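In case you want the letters, here they are:
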Amino acid sequence: MSDGNYNRNLLPYRDYQSGLRAGRAQTMSRAISLLEELLADTSLSVEQREQLLQSFRQRIAE
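Residues numbered from 1 in each chain as written. Predicted model: local features only at pLDDT ≥ 70, side-chain atom pairs only at ≥ 80, totals over all residues. Heavy atoms only, no water.

### A word on the overall build of the protein chain
Alright, step 1. Secondary structure assignment for the protein chain yields three helices and zero strands.
Alright, step 2. Each helix (α) and strand (β) of the protein chain, taken in turn from the N terminus, gives the series α-α-α.
Alright, step 3. The buried share among the 62 residues of the protein chain stands at 5%. (Helix = DSSP H or I, 4+ residues; strand = E, 2+ residues; numbered from the N terminus. Buried < 20%, exposed > 50% of the residue type's maximum accessible area, 1.4 Å probe, protein only.)

Right, dumping it as structure tokens:
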């Protein structure tokens, strides 16, 4: 009778959840950097840019 470890060792190793989290983190950081670039091209003041970035960071984290 098997204890379960034998069967588990036959399955292929797939670290899907870790890759998914890494991809989401990379996408969020890229989105923030692109927004910073877009805001740099506008005529907004520095305070307004920072306020928009802070609001975007809060909304994207939800």
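### Looking at the packing of helix H2 (residues 16-40) against helix H3 (residues 46-61)
Helices that pack against each other are described as a pair by the angle of their axes relative to one another and the distance between those axes.
Alright, step 1. It is the contact of H2 with H3, at a shortest axis distance of 11 Å, that shows an interaxial angle of 160 degrees. One way to sum up the angle between H2 and H3 is to call them roughly antiparallel. Note on packing geometry: the crossing formed by H2 with H3 is right-handed. Of H3, the residues touching H2 (which contributes Met28, Ala31, Ile32, Leu35, Glu36, Leu39 and Ala40) are Arg49, Leu52, Leu53, Phe56, Arg57 and Ile60. (Axes fitted to C-alpha atoms, helices over the stretch in contact; angles between N-to-C directions. Parallel < 35°, antiparallel > 145°, perpendicular 65-115°, else oblique. Left-handed = near helix turned anticlockwise from the far one by under 90°. Contact = heavy atoms within 4.5 Å.)

### Re the pattern of salt bridges
Alright, step 1. Taken as a whole, this structure holds one salt bridge when the rule is applied.
Alright, step 2. Residue glutamate 36 is joined to arginine 57 by a salt bridge in which the shortest nitrogen-to-oxygen separation is 3.1 Å. Linking glutamate 36 in helix H2 with arginine 57 in helix H3, this pair joins segments that are 21 residues apart in sequence.
Alright, step 3. Classification of arginine 57 by relative accessible area gives partly exposed; the value is 32%. (Salt bridge = Lys/Arg side-chain N within 4 Å of Asp/Glu carboxyl O.)

### A closer look at the confidence of the model for the protein chain
Alright, step 1. Confidence in the prediction for the protein chain averages 83 pLDDT; 77% of positions are at 70 or higher.
Alright, step 2. Helix H1 (residues 5-10) is the least confidently modelled element of the protein chain, averaging 64 in pLDDT, while H3 averages 91, the highest of any element. (pLDDT = per-residue confidence, 0-100.)

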